[in-house]
Every structure is written in C-alpha cells, then in structure tokens.
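# A structural walkthrough
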Amino acid sequence: MYESYSGYRLLTRLIVYFLIFGVIGIIFQEVILLLFIGAIGILVWNYRQLSRLNYWLWVDRRLTPPQGSGTWEGVFNGIYRLQGKNRRRIGQLAALLARFRQGAEALPDAAVVLDSELSILWCNKLAQLNLGLVWPQDNGQRIDNLIRHPDFIAYLRKANFGDPLELASPVSEQRLLEIRLISYGDRQLLLIARDITRIRNLEGMRKEFVANVSHELKTPLTVIQGYLEMMQETMPADDFNQRSLSLMSQQSERMKSMVEQLLVLSKIEDATEIDLQNTVNIKALLTSLEEEAQALARGEYTVTFDSDLDVEPHGNELQLRSACINLISNAIRYTEPGGSVHVSWKKVPTGAEFSVTDTGLGIEPQHIARLTERFYRVDDARSRQTGGTGLGLSIVKHALSHHHSELKVESERGKGSRFSFVIPQHLIELKH
Ligand code: ADP
C-alpha cells in the first residue's frame, strides 16, 4: 500500500500534471498563465481534501474515512488503520484491566491503592465494607481524611511498614483489622486490611481456657500432694510403698510446676499494657537473682555475677525477674555439676544487655530457632529429669517482647551456651 504513495511516485505525478499544463500553455502560447491555473487547481484540490479530512476527524462520527482520491487516499487509509489499531489496543487494555479488577475483587482482604500523596486511586468491595470507603465518591480523597484513628495516622507518619497495625474497623468497633501497607512502583502504596476478629477471639478463648484449667488444677494438686506427704510419713516403710509414693510425689511436683508456669505464662501474655515508666530497682533484683542462683547451684557450680548497678531498666519487675531467673535456672540445669555459670548486666551501645553464659551441654543449631515454642525441648528426658516444663523460654520470650526486646541464643554443642537480651536505649536510665 505504502508503495503507491511513495515520494518518487508523487513527484512523477506532479511533474506529469504540470507537464500537461505546460504543453497546453505552449499550444496557446500562455505557459505562465496555464502553469498558474494548474498550481491554483492543485492547491484548491488539496485544500478540499484537507477540509474533508478535518471534517471526518472532528465532526463526522463514522468509523470509515471519506473516499479520498490520489495522494490523499493513502493519508485517509493510513489514519483509518492507525485508529483501528488504537481501538484494538484500548479494547485489549480494558479487558486486561477488567480481569485485574476481578482478581482484586476476589481477594479475601480489603485492598486500597494509594498514590504517593496517600490519595485513593482504587479500592475493592471489601475495602468499602470493612473500611467504610465509598466508591467512586472517595476517589482522589486522602486516606487519612477518611480513616482518622490516631494509631492509623501515627502508622502512616512512621512510614515504616515492616510490621502490620491492628486497628478496630472504622465501620464496627467489634471487628478487628490487621492493616499492612506495601509500597510498590513509583512511590505507590497498596493497603491490605485483613479481618482478624475470629483469630483474635479464638486466641483469647485459648488463653482463657489455659488460664482457667491451670487455675482449677491447682487446688486438687495441693490436696493430692498433702495426702502423699502424709502417707509417706505414716505408711509402713516397705520398698514398694515407698517407691510408688516417692514417684507419685515427684510427678505431682512436676505437674505443680507446670501448672504454675502455665499460670505465669498466661499472666505475662495477658499483661501487654505494662507501665514502661516504672523504673526497676536493679540492685534489689540482681541481689535476689544471685541468692536464688546460689540456692539452685547447691554449691555444685561456680556461679559468678558481673553487674553494672548504675544501669536501670524501665518496665515490669516481675516479668523481667521471671525472664532472668528462667535463663539462670536453665543454665544450671543444662550444665553438668562442676561447670560454671556467668551472669552479666552491662551497658552496650544499643541499651543494656543481660546475659547468662554457661559451660554446659550446648544446643545444636537446628533447635535454636524453636527453643521459645511452648513445650519445645531439645532432650525430653534431660528436661524431665531436671524438672523442666518446656515453658521457661516461652515465658522469657513474652516477657521480653513487652520490653521491646528479643532473646538471643548463641550455643555450641558440648561447649556451652550464651542466652542474652538487650533492653533498648529508650527503656534505660543511667544513674550517674
Ligand atoms: P525446659 O523447662 O524444658 O527447660 P525451656 O523452655 O526453659 O524448657 O527450654 C527449652 C529447651 O531449651 C530445653 O528443654 C533445653 O533443651 C534447651 N535449653 C534451654 N536452656 C539451655 C541451656 N542453657 N543449655 C542447653 N540447653 C538449653
């Protein structure tokens, strides 16, 4: 097609056209006049084609172009082809967009697309249901003008979207949402809100159940232990009786410490709102820890303390105490008699560090990540034999999380372990 409108052909046509006028001019001896008439003719013809094209592009609604002739036929057809191509591409894009939207609508979570100014570009139906957005009326509105919860505004300002935010739904206080912001593309943001009401309710029920069962088990256990003690004193001291009674009291003792640990764990789990303004008396805490450590060591271990008493943490004394004593008791229980345990509390660049280092059994690397799971034990028999419940490190983990801290474990099988945590700078007070 293009060939017939090539520059060479057009030029040939133009030359032939003017040649005809030139020849007629020669015949009538009016060359200039006829060439002039020819030029005017070609100009008028071209203007007419141009105005038809203009009319078709701007006024006429027909899809097909007007019938052009000569050179202009190629122009009309070319534009027609381009328009057709564009229409097809727009159709394909619209179909793709519709498929994308259907996909986003099928998401089980509320989704909102925001631009770099936090204005809403698009949201799905669940976002309208759970976040109270109205589409398309809210198109272009800033999200912080529509969801005005202070926690949400603070989360947006912080601009650190690593952790999700839990927020009551703006539509219903009873519904709990987990909000995540994901940045993508050219500073755009995707807000995903998941309804976690059911999960939280179930978690609450689980915690309540464990706390209730542990509490209810306490009294029967005390009664059983009391009678066992009485029987041990009064029963005839034959071998079988004594063996069964001592086994029974051993096991009931284990059960008692498990129930107690479960109660401590649920109390710590529940107490999320701890007073972080409260200063812990570190001297009293470390002194009592040292006394308790010496009592647990029964003179069979070398227990040393190295403490900087000028560094005081903020937080809950009972929870910190629980965390520390669990680490110390583990160090002693998982070290053979004759070994040593070193406890240290000192200032570090990021805050203050509490650490317990032992020369005990050590832990193989594959177990380390799972140590803080409830009832996770590396060596079941050893844990049972030393009176372990498998709950100690879970307690430590929860207590530390309330103090913005995490447990760090370094260990080598056969050489020993170092359990430590750092209380961050903002929860530390230096006395001098
Ligand atoms: P347990 O009551 O069984 O000691 P914990 O939650 O306190 O439960 O600890 C989980 C497991 O981690 C223990 O069973 C033990 O195998 C391992 N562990 C904890 N502390 C030490 C340590 N200092 N040295 C070696 N192993 C340890």
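If you're wondering where the values come from, they're calculated on a predicted model, not measured in any experiment.

## Side note on the environment of Leu93
Inspection of the secondary structure assignment puts Leu93 in helix H3 (residues 71-105). Given the relative accessible area of 55%, Leu93 is considered exposed. As a C-alpha pair, Leu93 and Val341 span 248 residues in sequence and 69 Å in three-dimensional space.

## Side note on the layout of surface pockets
Here the second largest pocket is characterised by a volume of approximately 540 Å³. Taken together, 17 residues line the second largest pocket, and the ones lying closest to its centre are Glu166, Arg200, Glu203, Lys207 and Thr272. The set of elements that each furnish at least two residues to the lining of the second largest pocket consists of helix H6 (150-158), strand E3 (165-168), helix H7 (197-234), helix H8 (239-270) and helix H13 (392-401). Among the elements that take part in the lining of the second largest pocket, H7 stands out by supplying 4 residues, more than any other. Class assignment for the residues of the lining of the second largest pocket results in 3 nonpolar, 5 polar and 9 charged.

## A look at the pattern of salt bridges
On inspection of all chains with the given rule, the structure shows 15 salt bridges. Two residues, Asp144 and Arg142, come together in a salt bridge whose shortest N-O distance is 2.9 Å. When its relative accessible area of 32% is taken as the criterion, Arg142 is described as partly exposed. The salt bridge partner of Glu353 is Arg418, with a shortest N-O separation of 2.9 Å.

## Brief notes about the site of the ligand
Around the ligand, 20 residues are found, and the nearest of them are Tyr334, Ser383, Thr389, Gly390 and Leu393. In this structure, Asn330 approaches the ligand through a side-chain N or O atom, which is 2.8 Å from an oxygen atom. Here a nitrogen atom of the ligand sits 2.9 Å away from a polar atom, N or O, in the side chain of Asp358. Taken by itself the ligand offers 530 Å² of open surface, and the protein chains cover 98% of this. Among the secondary structure elements, those contributing two or more residues to the shell around the ligand are helix H10 (317-333), H13 and strand E11 (416-424). Looking at the shell around the ligand, its residues break down into 9 nonpolar, 7 polar and 4 charged.

## Looking at the UniProt feature "domain: Histidine kinase" (unreviewed entry) in the protein
UniProt marks residues 212-427 with the feature "domain: Histidine kinase" (unreviewed entry), using the numbering shown here. A distance of 33 Å separates the end C-alpha atoms of residues 212-427, which is 50% helix and 19% strand.

## Description of a negative patch on the surface
A cluster of acidic side chains, namely Glu229, Glu233, Glu253 and Glu260, defines a negative patch on the protein surface. At the level of elements, H7 and H8 are the ones that each hand at least two residues to the negative patch. By the element assignment, Glu233 lies in helix H7.

## Thoughts on the pairing of strand E4 (residues 176-184)
For E3 and E4, the ladder comprises 4 bridges, and the chain directions are antiparallel. Across the sheet, Ala168 pairs through a bridge with Leu176, a residue of E4. Of the strand pairs in this sheet, E4 and strand E5 (residues 188-195) are connected by 8 bridges, and their pairing is antiparallel. Residue pairing in the sheet places Glu178 in a bridge with Arg194 of E5.

## Structural notes on the domain arrangement of the protein
Here the domain parsing of the protein yields domain 1 (7-97), domain 2 (107-195), domain 3 (199-270) and domain 4 (282-430). Taken over C-alpha atoms, the centre of domain 1 sits 100 Å from the centre of domain 3.

## So, empty space enclosed by the protein
In this structure the tally under the stated criterion is 1 cavity of 30 Å³ or more. In this structure, the largest cavity occupies an estimated 70 Å³ of space. Ile282, Leu285, Leu286, Pro313, Leu320, Cys324, Trp345, Phe354, Phe421 and Ile423 together form the lining of the largest cavity. Counting only elements with at least two residues in the lining of the largest cavity, the list comes to helix H9 (282-297), H10 and E11. Per element, the largest residue contribution to the lining of the largest cavity is 3 residues, and it comes from H9. Residue composition of the lining of the largest cavity, by class: 10 nonpolar, no polar and no charged.

Basis of the calculations
- Residue positions within a chain follow its written sequence, with the count starting from 1.
- Side-chain atom pairs in this predicted model are given and counted only at pLDDT of 80 or more, local residue features only at pLDDT of at least 70, and totals for whole chains, interfaces and linings cover all residues.
- Side-chain metrics in this entry use all non-hydrogen atoms of the structure; hydrogen atoms and water are not considered.
- Counting from the N terminus, the helices are the DSSP runs of H or I reaching at least four residues and the strands are the DSSP runs of E reaching at least two.
- Accessible area is worked out with a 1.4 Å probe on protein chains only. A residue is then buried under 20% of its type maximum, exposed over 50%, and partly exposed in between.
- Here a cavity means grid points, on a 1 Å grid over the protein atoms only, where a 1.4 Å probe fits yet cannot get out; a pocket means an open set of points with protein on both sides within 12 Å along at least five of seven lines; lining residues are those with an atom within 4 Å of a point.
- Grid points are joined across faces, edges and corners, and a volume is the space filled by probe spheres set on the points.
- Amino acids are sorted into nonpolar (Ala, Val, Leu, Ile, Met, Phe, Trp, Tyr, Cys and Pro), charged (Asp, Glu, Lys and Arg) and polar (every other residue, Gly among them).
- Put simply, a salt bridge is a Lys or Arg side-chain nitrogen that is within 4 Å of an Asp or Glu carboxyl oxygen.
- Note on definitions. A residue lies near a molecule or strand when any single heavy atom of the residue is within 4 Å of it.
- In protein, a polar contact means a hydrogen-donor-capable atom and an acceptor-capable atom, both N or O and within 3.5 Å, with residues adjacent in sequence counting only if both atoms are side-chain atoms; elsewhere, any N or O pair within 3.5 Å suffices.
- In this description, accessible areas are obtained by the Shrake-Rupley approach with a 1.4 Å probe, and a residue is regarded as covered only by the protein chains that are shown.
- UniProt positions are given in the numbering used here, feature names are shortened, and annotations may be inferred rather than shown by experiment.
- To count toward a patch, a residue needs a relative accessible area over 30% and no salt bridge; like charges are then connected within 9 Å, while nonpolar side chains (Val, Leu, Ile, Met, Phe, Trp, Tyr) are connected within 5 Å.
- Within this scheme the basic residues Lys and Arg register as positive and the acidic residues Asp and Glu register as negative, but His and the chain ends are omitted.
- Charge positions are represented by NZ for Lys, CZ for Arg, CG for Asp and CD for Glu.
- Strand pairing is defined by DSSP finding a minimum of two bridges between the two strands.
- Either an automatic procedure or a domain database provided the assignment from which the domain bounds are taken.

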